[in-house]
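Below, each chain spelled out in residue letters.
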Amino acid sequence: MESAHTVASGSKLAEAVLSESGQNVNLCYQCGKCAAGCPISYEMDYKPSQLIHAIRLGMDDLVFNSKTMWLCSACEPCTTRCPQEVDIARVMDAVKITAMRRRIKPTIPEVASFNKAALSNIKTCGRMFEIAMIVALKLRTFDFFKDMGLGMKMFMKGKLKLMPSFTGAWKTRKIFRRVKSIEKRNQTA
Ligand code: SF4
Ligand code: SF4
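Residues numbered from 1 in each chain as written. Chains lettered and ligands numbered in written order. Predicted model: local features only at pLDDT ≥ 70, side-chain atom pairs only at ≥ 80, totals over all residues. Heavy atoms only, no water.

Overview of the overall build of the protein chain
Okay, step 1: Counting its regular elements, the protein chain contains 11 helices and zero strands.
Okay, step 2: From first element to last, N terminus to C terminus, the protein chain shows the α and β order α-α-α-α-α-α-α-α-α-α-α.
Okay, step 3: Considered along the principal axes of its C-alpha atoms, the protein chain spans approximately 55 × 40 × 30 Å.
Okay, step 4: Taken over 189 residues, the protein chain has a buried fraction of 33%.
Okay, step 5: Counting only contacts in the protein chain whose residues sit at least 6 apart along the sequence, the fraction spanning at least 24 positions is 61%.
Okay, step 6: Taken as a whole, the protein chain presents about 12200 Å² of accessible surface, with 59% of it coming from carbon and sulfur.
Okay, step 7: When the 30 positive and 16 negative side-chain charges of the protein chain are each reduced to one mean point, those points stand 9 Å apart. (Helix = DSSP H or I, 4+ residues; strand = E, 2+ residues; numbered from the N terminus. Buried < 20%, exposed > 50% of the residue type's maximum accessible area, 1.4 Å probe, protein only. Contact = heavy atoms within 4.5 Å. Areas by Shrake-Rupley, 256 points an atom, 1.4 Å probe, with all protein chains shown as cover. Lys, Arg positive; Asp, Glu negative; His and termini not counted. Charge placed at Lys NZ, Arg CZ, Asp CG, Glu CD.)

In structure tokens form, the structure reads like this:
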């Protein structure tokens, strides 16, 4: 979001984030409220506020080698707490998208595999069909036995359906087609 308070940092990465997400990280004044409210920050190598600062400084290597954006769960306490109305969750997404556009390998490949498996599953079934998603994820990661016990427990409690419902699947596919055409248009603009 552009504003009268914008301070240009000259960082190409900050510009890429702005163009991808509409979020201007140069509004950040490092109050640290985003980091204080993040429930996962204890697992992150750089706190959300530190990652924002690194983007402002154009420290591409640090940002793309960080695990922070891949651990982000898009839960948004950071976004709601930011006094400068920077949508940090969207910034995290924009950094991941920028990394993928630049063909930079994710620092946590399992998360990228999960995202791909989940999106492909939702595109096909209209909503998450967990069993197919788990199979697709296992085929991507070759980690066939991880969380098997948890999966069995969920199955026994009836939390995993054997068949997808396909309810509203055509609407979901329409959304995917629309997003793809917007992305294409943005790339050629
Ligand atoms: S959206 Fe990401 S960065 Fe923000 S609080 Fe949630 S996990 Fe932390
Ligand atoms: S809450 Fe907003 S202003 Fe404060 S450090 Fe985080 S991004 Fe910057």
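Looking at the site of ligand 2
Okay, step 1: Close to ligand 2 lie Cys-28, Tyr-29, Gln-30, Cys-31, Gly-32, Lys-33, Cys-34, Ser-49, Cys-82, Pro-83, Gln-84 and Ile-88, which account for all nearby residues.
Okay, step 2: Among the residues making up the shell around ligand 2, the classes are represented as seven nonpolar, four polar and one charged. (Near = heavy atom within 4 Å. Nonpolar A, V, L, I, M, F, W, Y, C, P; charged D, E, K, R; others polar.)

As for the site of ligand 1
Okay, step 1: In the vicinity of ligand 1 there are 13 residues, among which Cys-38, Cys-72, Cys-75, Glu-76 and Cys-78 approach most closely.
Okay, step 2: Elements with a minimum of two residues in the shell around ligand 1: helix H6 (77-81) and helix H7 (88-101).
Okay, step 3: Looking at the shell around ligand 1 residue by residue, the classes come out as 11 nonpolar, one polar and one charged.

Considering the environment of Gln-23
Okay, step 1: With respect to the helices, strands and loops of the structure, Gln-23 is situated in the loop between helix H1 (12-21) and helix H2 (33-37).
Okay, step 2: From its side chain, Gln-23 meets the backbone nitrogen of Asp-87 in a polar contact 2.7 Å long. (Polar contact = N/O pair within 3.5 Å; in protein donor to acceptor, adjacent residues only side chain to side chain.)

A look at H1
Okay, step 1: Of the residues making up H1, those classed as buried are Leu-13, Ala-14, Val-17 and Ser-21. One face of H1 carries all of its buried residues, which in axial projection span an arc of 100°. Structural note: H1 exposes Lys-12 and Ser-19 on the side pointing more than 90 degrees away from its buried face.
Okay, step 2: Buried residues belonging to H1 abut helix H3 (48-56), helix H4 (60-64) and H7.
Okay, step 3: The opening residue of H1, the one whose side-chain oxygen lies 3.3 Å from the backbone nitrogen of Leu-13, is Ser-11.
Okay, step 4: At the exit of H1 stands Gly-22, carrying a positive phi of roughly 75°. (Arc of directions from axis to C-beta.)

Notes on the packing of H1 against H7
Okay, step 1: Between H1 and H7, whose axes approach to 9 Å, the crossing angle comes to 110°. By the angle class used here, H1 and H7 are roughly perpendicular. Facing Leu-13, Ala-16, Val-17, Glu-20 and Ser-21 of H1, the residues of H7 in contact are Arg-90, Val-91, Ala-94, Val-95, Ile-97, Thr-98 and Arg-101. (Axes fitted to C-alpha atoms, helices over the stretch in contact; angles between N-to-C directions. Parallel < 35°, antiparallel > 145°, perpendicular 65-115°, else oblique.)

Brief notes about the pattern of salt bridges
A side chain of one charge can pair with a side chain of the opposite charge when the charged atoms of the two come close.
Okay, step 1: Under the defined criterion, the tally for this structure stands at three salt bridges.
Okay, step 2: Residue Glu-20 pairs with Arg-101 through a salt bridge whose shortest N-O separation is 3.1 Å. Highlighted residues: Glu-20 in helix H1 and Arg-101 in helix H7, separated in sequence by 81 residues.
Okay, step 3: For Glu-20, a relative accessible area of 28% gives the class partly exposed.
Okay, step 4: Here Arg-101 falls in the partly exposed class, since its relative accessible area comes to 43%. (Salt bridge = Lys/Arg side-chain N within 4 Å of Asp/Glu carboxyl O.)

Here we look at the confidence of the model for the protein chain
Okay, step 1: Per-residue pLDDT for the protein chain averages 88, and the proportion of residues at 70 or more is 95%.
Okay, step 2: Confidence drops under a pLDDT of 50 for residues 1-5, and excluding neighbours within four residues, the segment shows 10 contacts in the predicted structure. (pLDDT = per-residue confidence, 0-100.)

What to know about the packing of H3 against H7
Okay, step 1: With their axes 11 Å apart at the nearest point, H3 and H7 run at an angle of 55° to one another. The orientation of H3 relative to H7 falls into the category oblique. Taken as a pair, H3 and H7 cross one another with a handedness that is left-handed. Here Pro-48, Leu-51, Ile-52 and Ile-55 of H3 lie close against H7, whose contacting residues are Ile-88, Val-91, Met-92 and Val-95.
Okay, step 2: Residue classes in the contact of H3 with H7 are distributed as eight nonpolar, no polar and no charged. (Left-handed = near helix turned anticlockwise from the far one by under 90°.)

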